[in-house]
Amino acid sequence: MIQDIAPKTYHNEYREKEASGSDTVLVYRGREALVKRDDKGEIRFPVFRELGKLCRIVTYLFEISGENYFLGELPGEPPEGWQYENVKIFRVARPKDRAFAGITGHQLFGWYGNHQCCGRCGGKMEQDHKERMLYCSACGNQVYPTISPAVIIGVIHRGKLLMSKYAGRDYKKFALIAGFNEIGETIEETVHREVMEEVGLKVKNLTYYKSQPWSFSGTLLMGFFCELDGEDETITLEEDELSEAGWYLPEEVPEDEEEIALTREMMTVFKEGKVCLKTL
């Protein structure tokens, strides 16, 4: 998955640091990131000495195996050789550690940009010096990075996997049932509700698989496999959410070409016959 960057390691501890010559600077413009591609097509980001006084450093972000990443602002057009590309490129860009850094940085870029003013009194938010937190000196309001919990659900029945396609989205490939956790709801309850809402089915024997940070939507994904509760596999499609859904045999599950998403990994696990469901 996109966060699997071994042997490199990601360190998200906040530090009070100033950027220097070889430190990497992530620059964004809305949904675009400043990148350059080498002869092999691999992406890279600018380092501080390449931008110099053109760039204002906003804050320290994180470290990946000794490489420090900072958030920067670059007014005007980028230097020659650099270009802005949609952050969707990080789904396929290589090396994977830079793709992970690029989309993770964009999540923090959005958080900083959306909290410049206090949501309680309207005052100017300031950065804390000890942790990744913004505070309002006028009213004392404190804000931490927002992470939205969500579920990915692999429903299995009689050796088939329930796969679906989203309605009204750019992503047209097969996916699994998914949805956000609501206030006052356990993650297990989210699984039951989302399956019922999107395809009109009841499930049982929930088995946790694994989690994934998904910065494309600011989400922490939690994957579950489960079984259909009962024998009626008739799908009642929620057409506002899904364009289609159906039951598929392992050999009908598509190959995972990107190898970045929890959804596709779960589909592959089913395809390879490696799902082990608990009987509760």
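Conventions used here
- Residues numbered from 1 in each chain as written.
- Predicted model: local features only at pLDDT ≥ 70, side-chain atom pairs only at ≥ 80, totals over all residues.
- Heavy atoms only, no water.
- Helix = DSSP H or I, 4+ residues; strand = E, 2+ residues; numbered from the N terminus.
- Lys, Arg positive; Asp, Glu negative; His and termini not counted.
- Charge placed at Lys NZ, Arg CZ, Asp CG, Glu CD.
- Buried < 20%, exposed > 50% of the residue type's maximum accessible area, 1.4 Å probe, protein only.
- Salt bridge = Lys/Arg side-chain N within 4 Å of Asp/Glu carboxyl O.
- Polar contact = N/O pair within 3.5 Å; in protein donor to acceptor, adjacent residues only side chain to side chain.
- Contact = heavy atoms within 4.5 Å.
- Pairing = 2+ DSSP bridges.
- Expected span 1.5 Å × (residues − 1).
- Phe/Tyr/Trp six-rings, centres within 6.5 Å; stacked < 30°, edge-to-face > 60°.
- Lys NZ or Arg CZ within 6 Å of the ring centre and 35° of its normal.

Caption draft 1: Expanded view of the overall build of the protein chain. For the protein chain, the count of helices and strands is four helices and 16 strands. Seen through its principal axes, the protein chain has C-alpha atoms that stretch 65 × 50 × 35 Å. Here the protein chain carries 35 positive and 47 negative side-chain charges, and the mean point of each set is 5 Å from the other.

Caption draft 2: Looking closely at unusual backbone geometry. Geometrically, the link from Ala6 to Pro7 is a cis peptide bond, its omega value of 10° lying close to zero. Examined against the element boundaries, Pro7 turns out to sit in the segment before β1 (10-11). The phi angle at Arg158 is positive, at roughly 50°, despite the residue not being glycine. For Arg158, the position within the fold is in the loop between β11 (148-157) and β12 (160-166). By relative accessible area, Arg158 is classed as exposed at 65%. Of note, Glu259 is a non-glycine position whose phi angle comes to about 55°, a positive value.

Caption draft 3: Region of the structure containing the pattern of salt bridges. Taken as a whole and judged by the stated rule, the model has 15 salt bridges. Among the ionic pairs, Arg37 bridges to Glu85, the shortest N-O distance being 3.0 Å. Residue Arg37 is found in strand β3 (residues 32-37), and its partner Glu85 is found in strand β7 (residues 83-86); the two are separated by 48 residues along the sequence. Arg37 gets classed as partly exposed once you look at its relative accessible area, which sits at 38%.

Caption draft 4: Structural detail: the side chain of Asp256. Positionally, Asp256 belongs in the loop between β16 (242-248) and α4 (262-271). For the buried Asp256, which has no salt bridge, the nearest side chain bearing the opposite charge is Arg264, at an N-O separation of 4.6 Å. Of note is the side chain of Asp256, whose polar atom sits 3.3 Å from the backbone nitrogen of Glu258. Ignoring any residue separated from it by four or fewer positions in sequence, one finds Asp256 in contact with Arg264, Glu265 and Thr268.

Caption draft 5: Representation of the sheet that holds strand β10 (residues 142-143) within the structure. Spatial ordering of the open sheet is given by β8-β9-β10, a layout of three strands whose pairing is antiparallel. The strands lining the two open edges of the sheet, one partner per strand, are β8 (125-127) and β10. The pairing of β8 with strand β9 (residues 134-136) spans three bridges and is classified as antiparallel. If you follow Glu126 over to β9, its bridge partner there is Tyr135.

Caption draft 6: Structural view of helix α3 (residues 187-199). An ideal rise of 1.5 Å per residue puts 18 Å on 13 residues; α3 measures up with 18 Å between its terminal C-alpha atoms. Within the sequence span of α3, burial applies to Ile187, Thr190, Val191, Arg193, Glu194, Val195, Glu198 and Val199. Where the residues of α3 are buried, they touch β11, β12, β13 (177-180), β14 (203-214), β15 (219-228) and β16.

Caption draft 7: Main features of the pairing of β3. Two strands pair when backbone bridges link them, and strand β2 (residues 24-29) and β3 are joined in this way by two bridges, in the antiparallel orientation. Each residue of the ladder has a partner; that of Arg29, found in β3, is Glu32. Two strands pair when backbone bridges link them, and β3 and β7 are joined in this way by four bridges, in the antiparallel orientation. The residue of β7 that forms the bridge with Glu32 is Asn86.

Caption draft 8: Region of interest: the environment of Pro79. Along the chain, the position of Pro79 falls in the loop between β6 (67-73) and β7. For the pair formed by Pro79 and Gln116, sequence separation is 37 residues and the distance between their alpha carbons is 27 Å. Not counting the four nearest positions on each side in its chain, Pro79 is found in contact with Leu51, Leu54 and Leu74.

Caption draft 9: Molecular detail of the packing of aromatic side chains. For the coordinates displayed, the defined rule picks out 11 aromatic pairs. Between Tyr209 and Phe225 the ring centres are 5.7 Å apart and the planes differ by 75°, which places this aromatic pair in the edge-to-face class. Taken together, the positions of Tyr209 in strand β14 and Phe225 in strand β15 put the pair 16 residues apart, joining distant regions of the chain. Using a relative accessible area of 3% as the deciding quantity, one classes Phe225 as buried. Ring-pair connections join several aromatic residues into one group, and the members of that group are Tyr10, Phe62, Tyr69 and Phe100. Note that Arg91 overlies the ring of Phe216, its terminal NZ or CZ placed 5.9 Å from the centroid. Against the face of Phe174 rests Lys165, its NZ or CZ located 4.6 Å from the ring centre.

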